[in-house]
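So the chains spell out like this:
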Amino acid sequence: LQTMSGNEDDWLALKPQEPSPSQCCGSGCKPCIYDVYEKELAQWERAKAKQDKSLLMEKKEQSNNSELNPDTFTAFSISLVEQLTEDTYQYKFELPGNSSLRLSLGQHIVLRGMVNGLEVQRAYTPISPGNAEGYFEVLMKCYEAGLMSQYIKTWKKGDMVFWRGPFGGFPYQPNKHGELLMLASGTGLTPMLPILQSITDDEEDETFVSLVGCFRTFDRIYLKPLLQDLARYWNIRIFYVLSQETSLEKLPWSYQENTYTGRLDEDLIKTIINSCRRKPFVLICGSSAFNEDMTRYLKAAGIEENSCFVF
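So, a few notes on the structure that sits alongside this text.

Rules used throughout
- Residues numbered from 1 in each chain as written.
- Predicted model: local features only at pLDDT ≥ 70, side-chain atom pairs only at ≥ 80, totals over all residues.
- Heavy atoms only, no water.
- Helix = DSSP H or I, 4+ residues; strand = E, 2+ residues; numbered from the N terminus.
- Buried < 20%, exposed > 50% of the residue type's maximum accessible area, 1.4 Å probe, protein only.
- Lys, Arg positive; Asp, Glu negative; His and termini not counted.
- Salt bridge = Lys/Arg side-chain N within 4 Å of Asp/Glu carboxyl O.
- Contact = heavy atoms within 4.5 Å.
- Expected span 1.5 Å × (residues − 1).
- Arc of directions from axis to C-beta.
- Phe/Tyr/Trp six-rings, centres within 6.5 Å; stacked < 30°, edge-to-face > 60°.
- Lys NZ or Arg CZ within 6 Å of the ring centre and 35° of its normal.

Quick look at the side chain of Lys224 now. Topologically, Lys224 is positioned in helix H5 (residues 224–230). One buried charge, Lys224, has no salt-bridge partner; the nearest side chain with opposite charge is Asp219, at 5.1 Å. Apart from the residues lying within four places of it in its own chain, the contact partners of Lys224 are Phe218, Asp219 and Tyr255.

Here it is, written out as structure tokens:
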């Protein structure tokens, strides 16, 4: 009898742990961390019924395989840490050989962090082109009280970080929409960049794009050189809406004519839509409050829900 109860303890130690709510990034990933748990639990129950531990082996493969995978986390090494603004950082991760993440446009990946013994997961969209070889880059904003931010702030070059994915994304097709209107708040800019870069890299793609980036101040606009480069293309316009700037006079003159102060409200949305060359298809990414406001303003401006995509 003694050996039997010892065996029970062994099996209990191998039982997968149910995820805590903090482990779900809330982005509707397929599979969600809960789906992965259900799958592992079923695998554990099958193995236990047959008293065969070798049936559990397949889930231990996560770190030898250096490819991104939706079901398990894979470790990637940090090759560069760059601070962009007071609370925003750009991180570069190594990919083995000349491999690429092969993300489709606007897809996100999920980061796993450990903070004070608690596992946290968050979704981020790489800003590097999906076919970039040997590396990928992610833009991250650190919040004072954010659990994941506490973990990210400890990162140094050479650290190993766990990611899984890819998930989601916007099924972009060249020339399918006459004009894209992108409404982005803060790091909501990230899923827009790979789409913009794919349009500018493709000479056959004649889609017009109007990007509206909402930031608190001029200093908080991320990736200015990249955005200025993109704005030089004939089919791309970039507007900035700065909620905490009071006057445009202090800004460099090249920014003055396409920058607004205050908030992106219903009137400004209507003005921008009226300046679009064609009726736009709208992409939205920001906080949930921003996304709700934008959806409401667009509706008032006559843009139907089937002409919007929210990241």
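Scanning all chains against the criterion turns up 11 salt bridges. Close ionic contact of Lys39 with Asp71 constitutes a salt bridge, the shortest N to O distance being 3.9 Å. On the criterion of sequence distance, the pair formed by Lys39 in helix H2 (residues 33–49) and Asp71 in the loop between H2 and strand E1 (74–85) is long-range, its members being 32 residues apart. Relative accessible area serves as the criterion here: at 30%, Asp71 is assigned to the partly exposed category. In this structure, Lys270 and Glu266 form a salt bridge, with 3.4 Å as the shortest nitrogen-oxygen distance. Residue Lys270 and its partner Glu266 are located together in helix H7 (residues 266–275), separated by 4 residues, close to a single helical turn. A relative accessible area of 31% places Lys270 in the partly exposed class. Here the salt bridges do not stand alone but share partners, grouping Glu86, Asp87, Lys141 and Arg220 into one network.

A few words on helix H8 (residues 288–300). Taking 1.5 Å of rise per residue, the 13 residues of H8 would be expected to cover 18 Å, and the 19 Å separating its terminal C-alpha atoms lies within 8% of that figure. For H8, the complete set of buried residues consists of Phe290, Asn291, Met294, Tyr297 and Leu298. Considered in projection along H8, the buried side chains sweep an arc of 130° and stay on one side of the axis. Of the residues in H8, the exposed ones pointing more than 90 degrees away from the buried face are Ser288, Glu292 and Lys299. On its buried face, H8 is in contact with strand E7 (179–185), strand E8 (208–215), H7, strand E11 (281–285) and strand E12 (308–310).

Taken as a whole and assessed by the stated rule, the structure comprises 18 aromatic pairs. Relative to Trp155, the ring of Tyr91 has its centre 4.9 Å away and its plane inclined at 75°; by these criteria the two rings are edge-to-face. Taken together, the residues span a long stretch of sequence, with Tyr91 in strand E2 (residues 88–94) and Trp155 in the loop between helix H3 (147–152) and strand E6 (160–167) at a distance of 64 residues. The residues Tyr91 and Trp155 share a single accessibility class, namely buried. On the numbers, 5.5 Å between centres and 90° between planes, the contact of Tyr151 with Trp155 is edge-to-face. Like Tyr151, the residue Trp155 is buried in the burial classification. These aromatic residues form a ring-pair network of at least three members: Phe76, Tyr89, Tyr91, Phe93, Tyr124, Phe136, Tyr151, Trp155 and Trp163. Over the aromatic face of Phe162 sits the side chain of Arg112, whose NZ or CZ is 4.7 Å from the ring centroid. Geometry around Phe218 places Lys224 over its ring, the cationic atom sitting 4.4 Å from the centre.

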